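Architecture at a glance
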Amino acid sequence: HILGAGAGYLLPAWLGGHCIESRTVAIEVSMKSAAFAFVLAVLHFEDFDVRIPAAVDCIWCPLFAAALGAFWRTKSAGLEAGAWVAEYKP
């Protein structure tokens, strides 16, 4: 999850995204890996024991994302729009 969150943060920042956008992508990327692992385990392995690490990861993943969000809440990101948000016109 740490590797996914790091890549999810750095890639949008490198592409010109704002800090808020980078943080959002980091949390989304780190959250997807647990569900994806569980789906792959269910689809490709008949042994029930193979699903256990992915199921435990599905419990750990929201805790990691909540901790990451709580940490970033203490760090100011500014309220100005980033490169992607500035182009959005509702």
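In what follows, the structure referred to is the one given above.
Residues numbered from 1 in each chain as written. Predicted model: local features only at pLDDT ≥ 70, side-chain atom pairs only at ≥ 80, totals over all residues. Heavy atoms only, no water.

The first and last C-alpha atoms of helix 2 (residues 19-44) sit 38 Å apart over 26 residues, in line with the 38 Å expected at 1.5 Å per residue. Those residues of helix 2 that sit buried are E21, S22, R23, A26, S30, A34 and A41. Elements in contact with the buried residues of helix 2: helix 1 (2-14) and helix 3 (51-73). (Helix = DSSP H or I, 4+ residues; strand = E, 2+ residues; numbered from the N terminus. Expected span 1.5 Å × (residues − 1). Buried < 20%, exposed > 50% of the residue type's maximum accessible area, 1.4 Å probe, protein only. Contact = heavy atoms within 4.5 Å.)

The subject of this paragraph is the side chain of S22. Relative to the elements of secondary structure, S22 occurs in helix 2. Ignoring anything within four residues of it in the chain, the contact list for S22 reads G8, Y9, P12, A13 and G17.

This part takes up the packing of helix 1 against helix 2. Orientation of helix 1 relative to helix 2, taken along the N-to-C sense of each, is 150°, at an axis distance of 7 Å. Crossing angle aside, the handedness with which helix 1 passes helix 2 is right-handed. Residues G4, A5, G8, Y9, P12 and A13 of helix 1 pack against C19, S22, R23, V25, A26, V29 and S30 of helix 2. A per-class count over the contact of helix 1 with helix 2 returns eight nonpolar, four polar and one charged. (Axes fitted to C-alpha atoms, helices over the stretch in contact; angles between N-to-C directions. Left-handed = near helix turned anticlockwise from the far one by under 90°. Nonpolar A, V, L, I, M, F, W, Y, C, P; charged D, E, K, R; others polar.)

Let's shift gears to the state of the cysteines. Here the structure, examined in full by the defined rule, presents zero disulfides. The closest cysteine sulfur to the non-disulfide-bonded C58 is located on C61, 7.2 Å from its own sulfur. (Disulfide = S-S within 2.5 Å.)

This paragraph deals with the packing of aromatic side chains. A full pass over the atoms with the stated rule returns two aromatic pairs. Taking 6.3 Å as the distance between ring centres and 40° as the angle between the ring planes, the aromatic pair formed by W60 and F64 counts as tilted. Of this pair, W60 and F64 both sit in helix 3, separated by four residues, roughly a single helical turn. Given the relative accessible area of 14%, F64 is considered buried. (Phe/Tyr/Trp six-rings, centres within 6.5 Å; stacked < 30°, edge-to-face > 60°.)

Interpretation note: all reported values are geometric properties and have no functional meaning in isolation.
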